[in-house]
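Reading the structure
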Amino acid sequence: EYGAKIADALHALHMQGVVHLDIKPSNLMFRPTGEAVLVDFGLAHHRDLPDLLQEEFRLPYGTGPYMAPEQVMGIRTEPRSDLFALGSLMYFFATGTRPFGDPQKLKGLKQRLWQDPVPPRKLNPEIPPWFQEIILRCLEVRAGRRHPTAAQLAHDLRNPSQVALTERAEKMAQ
């Protein structure tokens, strides 16, 4: 439920041409009515405005445990980077651990480019296959293998019976 609400907020943001690039627990709030609210746009990128962070800094910026592979490589224009971060959040909330630990150096961040996370169901067998499918799809290294939009991710989270299961759903080895 929370994942779908966050995906709704990301969809609204992406429709305005903005990529947040720092989705993490401390940058999320929930209204009393239940809607997710995104805060702290300090690292955000707008498709129609100059990217001053890109121009001034050569190292990737973001929060290590939630940073997408393309973000690690300095690409700040991909909306699906936020879906990777949401996948990391869902993984953490479902298992109690972060999919790629808490890397503090660039070398640790780059491990996500070639190392898959431990499948969530291996850490928590109560996770249903459809939810593992969604989480691991969000955590795909290539952005093109993730959900095309946050709206489609929200739809899958709200309609588990319609999630097309692949080998990701039953995967038990890293």
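Above this note sits the structure.
Residues numbered from 1 in each chain as written. Predicted model: local features only at pLDDT ≥ 70, side-chain atom pairs only at ≥ 80, totals over all residues. Heavy atoms only, no water.

Attention now goes to the overall build of the protein. A count of helical and extended segments in the protein gives nine helices and four strands. Taken across its 174 residues, the protein has 47% of its residues classed as buried. Taking as baseline every contact in the protein between residues at least 6 positions apart, the subset at least 24 positions apart corresponds to 66%. When the accessible surface of the protein is totalled, it reaches about 9200 Å², and 55% of it is carbon and sulfur. (Helix = DSSP H or I, 4+ residues; strand = E, 2+ residues; numbered from the N terminus. Buried < 20%, exposed > 50% of the residue type's maximum accessible area, 1.4 Å probe, protein only. Contact = heavy atoms within 4.5 Å. Areas by Shrake-Rupley, 256 points an atom, 1.4 Å probe, with all protein chains shown as cover.)

What follows is about the nonpolar core. Grouped together as the largest cluster of nonpolar side chains are 33 residues, with contacts concentrated most on L10, L86, M90 and L153. Elements with a minimum of two residues in this core: α1 (2-15), β3 (36-38), α4 (80-95), α7 (129-138) and α8 (150-158). Once you skip the residues sitting within four places of it in the chain, L10 turns out to touch I23, L38, D82, L83, L86 and A150. (Core = buried A, V, L, I, M, F, W, Y, C linked by side-chain atoms within 4.5 Å.)

One pair of aromatic rings is described through two measures. These are the centre distance and the angle between the planes. For the coordinates displayed, the defined rule picks out four aromatic pairs. Plain terms: the ring middles of F84 and F100 are 5.8 Å apart, the flat faces sit at 15° to each other, and that makes the pair stacked. One end of the pair, F84, is in helix α4; the other, F100, is in the loop between α4 and α5 (106-110), with 16 residues separating them in the sequence. By the burial criterion, F84 is buried, and F100 matches it. Sitting above the plane of the F92 ring, R98 keeps its charged end 4.8 Å from the centroid. (Phe/Tyr/Trp six-rings, centres within 6.5 Å; stacked < 30°, edge-to-face > 60°. Lys NZ or Arg CZ within 6 Å of the ring centre and 35° of its normal.)

Right, let's get into the pattern of salt bridges. Taken as a whole and judged by the stated rule, the model has eleven salt bridges. When the shortest N-O distance is used, the salt bridge between K171 and D116 registers 3.1 Å. Of this pair, K171 sits in the segment after α9 (167-170) while D116 is found in the loop between α5 and α6 (120-123), placing the two residues 55 residues apart along the sequence. A salt bridge links E170 to R121, with the nearest nitrogen and oxygen atoms 3.3 Å apart. Of this pair, E170 sits in helix α9 while R121 sits in helix α6, and the two are 49 residues apart along the sequence. For R121, a relative accessible area of 16% translates into the label buried. Linked by salt bridges that have partners in common, E133, E140, R145 and R168 make up one network. (Salt bridge = Lys/Arg side-chain N within 4 Å of Asp/Glu carboxyl O.)

Across the ten residues of α7, seven count as buried, placing the element largely inside the fold. Taken together, the buried positions of α7 are occupied by F131, Q132, E133, I134, I135, L136 and C138. Where the residues of α7 are buried, they touch α4, α6, α8 and α9.

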